[in-house]
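# Architecture at a glance
Residues per chain, in single letters:
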Amino acid sequence: MRILLAEDDLNIAGHVRGKLEAEGYAVDTLAHGPDIWERGEDAGYAAIILDLGLPGLDGLSILKRWRHDGVETPVVVLTARGSWMERVDGFEAGADDYIPKPFRAEELLARLRALLRRAGPRFQIVKSAGRFTLDEATRRVTFDGEALDLSPLEYRMVAYFIERKGEVLTPLELAGHVQGRDDDSAKNAVEAMIARLRRKTESGAIETRRGFGYLLPDDPS
């Protein structure tokens, strides 16, 4: 599940991103208002965490533009502006939740999970492909009904395979989604993760298409 984190404070952004990734989310982090507005038009995000005090274009203006353009992605607003009037402005602009700074990352994660549950069938919580089943509420993955002990990176890889079930994914594409980089080192790490996942399941659970990439069949036979 991919999250857009729009925050120009590098310390806050790094801390929140680390917490989100530890929970298995894939996170894109941006700090410049116009770039955030353009990226948020992409309906592929499960949710957006949006700071209001952004350079180039403030968060409230971005949120109003998204809602005017029909973007329905759930948005959690982060802001140092604490007055009730400013909170009302945020909700009226289309915010789904509002967290004033300073905040605890644990509260943000709890609110994010609740928001995704309320989002309904568009963001299905339990997903299956082949012999894998993933429960995004509990971060639990099973294979043939047996729970797997996965690292956050392995969890994100399985989640992406399930999201793209039946499609051949290149090592560089997997590296970009799972690790946020697409260099040779990340590619090698992806291949090592594939090998670990196969040891934890079965050798044929993730298929190889030589010269192309890897495939999680939706209907294994």
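Residues numbered from 1 in each chain as written. Predicted model: local features only at pLDDT ≥ 70, side-chain atom pairs only at ≥ 80, totals over all residues. Heavy atoms only, no water.

Adjacent strands of a sheet pair through backbone hydrogen bonds, lying either parallel or antiparallel. Strand order across the open sheet formed by four strands is β6-β7-β8-β9, with antiparallel pairing between neighbours. The two strands at the open ends of the sheet, each matched to only one other strand, are β6 (126-129) and β9 (146-147). In the sheet, strand β7 (residues 132-135) pairs with strand β8 (residues 140-143) via four bridges, with the strands oriented antiparallel. Bridging across to β8, Phe132 finds its partner in Phe143. Each of β6, β7 and β8 touches helix α6 (residues 152-163); the most contacted strand, β7, lies at about 110° to it. (Pairing = 2+ DSSP bridges. Helix = DSSP H or I, 4+ residues; strand = E, 2+ residues; numbered from the N terminus. Contact = heavy atoms within 4.5 Å. Axes fitted to C-alpha atoms, helices over the stretch in contact; angles between N-to-C directions.)

Annotation of the protein at the domain level lists domain 1 (1-120) and domain 2 (124-214). Here the C-alpha centroids of domain 1 and domain 2 sit 27 Å apart. Every contact between the two is made by 11 residues of domain 1 and, on the other side, 10 residues of domain 2. Summing both partners gives a buried area of about 940 Å² for domain 1 against domain 2, and 47% of it is carried by carbon and sulfur. Interface area lost by domain 1 to domain 2 is led by Met1, Arg2 and Gly24, which between them contribute 42%. Across the contact surface, domain 1 and domain 2 share zero salt bridges. Where domain 1 packs against domain 2, one counts two residue pairs in polar contact (both at pLDDT 80 or more). Looking at the side of domain 1 that touches domain 2, its residues break down into five nonpolar, two polar and four charged. (Domains from an automatic or database assignment. Buried area = accessible area lost by both parts, 1.4 Å probe. Salt bridge = Lys/Arg side-chain N within 4 Å of Asp/Glu carboxyl O. Polar contact = N/O pair within 3.5 Å; in protein donor to acceptor, adjacent residues only side chain to side chain. Nonpolar A, V, L, I, M, F, W, Y, C, P; charged D, E, K, R; others polar.)

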